[in-house]
Amino acid sequence: MKPVDYYHQRAEECLRLACGATAPGEQEVMRELAVRWIRLAERAEQKIAEMRRGDDYVAWLASHRSDRKRAGLEFDQGAG
């Protein structure tokens, strides 16, 4: 799974939770979280596009892979 897809899945999850929210303010908070996940996905897409235009893409991708390892978030780059 690509990181951008992961971010979109988190946004979808937040929207599902918002639909089922019953506590005061919970629906608003979950919608805001969804918006933030979407913005993160958009920024990641922009950064990837920028880096692909330059020679730094390989270095950027390698650094993010090591960041994901440290965070315990492994993404299968071959899928999708």
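Conventions adopted
- Residues numbered from 1 in each chain as written.
- Predicted model: local features only at pLDDT ≥ 70, side-chain atom pairs only at ≥ 80, totals over all residues.
- Heavy atoms only, no water.
- Helix = DSSP H or I, 4+ residues; strand = E, 2+ residues; numbered from the N terminus.
- Buried < 20%, exposed > 50% of the residue type's maximum accessible area, 1.4 Å probe, protein only.
- Contact = heavy atoms within 4.5 Å.
- Areas by Shrake-Rupley, 256 points an atom, 1.4 Å probe, with all protein chains shown as cover.
- pLDDT = per-residue confidence, 0-100.
- Salt bridge = Lys/Arg side-chain N within 4 Å of Asp/Glu carboxyl O.

Chemist: What is the right way to read the overall build of the chain from this model?
Modeler: The secondary structure content of the chain amounts to three helices and zero strands. When the helices and strands of the chain are placed in sequence order, the string is α-α-α. Scored against the burial criterion, the 80 residues of the chain give a buried share of 22%. Intrachain contacts of the chain at a sequence separation of at least 6 include 52% that bridge at least 24 residues. Surface summary for the chain: the accessible area is close to 6,000 Å², and the carbon and sulfur share equals 52%.

Chemist: Would you explain the confidence of the model for the chain in this entry?
Modeler: Close inspection of predicted coordinates is inappropriate for parts of the model with low pLDDT. Averaged over all residues, the pLDDT of the chain is 82; the fraction at 70 or higher stands at 75%. Highest mean pLDDT in the chain belongs to helix α1 (residues 3-19) (95); lowest belongs to helix α3 (residues 57-71) (67).

Chemist: Even after reading the chapter, I still don't get the environment of Ala 41, so can you show me in this structure?
Modeler: Within the secondary structure, Ala 41 is located in helix α2 (residues 26-52). For Ala 41, a relative accessible area of 0% puts it in the buried group. Each C-alpha atom of the pair Ala 41 and His 8 lies 6.6 Å from the other, and the pair is 33 residues apart in sequence. Beyond its immediate sequence surroundings of up to four residues, Ala 41 is in contact with Val 4, Tyr 7 and His 8.

Chemist: Help me understand the pattern of salt bridges, please; the structure alone is not making it clear to me.
Modeler: In a structure, side chains of opposite charge can pair up when their charged atoms sit close to one another. Applying the stated criterion across every chain, the model contains two salt bridges. One salt bridge connects Arg 10 with Glu 13, and the closest N-O pair in it is separated by 3.0 Å. One end of the pair is Arg 10 and the other is Glu 13, both in helix α1 and three residues apart, which spans about a single turn. Where Glu 32 meets Arg 36, a salt bridge forms, and the shortest distance between an N and an O atom there is 3.0 Å. Of the two residues, Glu 32 and Arg 36 are both situated in helix α2; the distance of four residues between them amounts to about one turn of the helix. Accessibility expressed as a relative area gives 52% for Arg 36, which makes it exposed.

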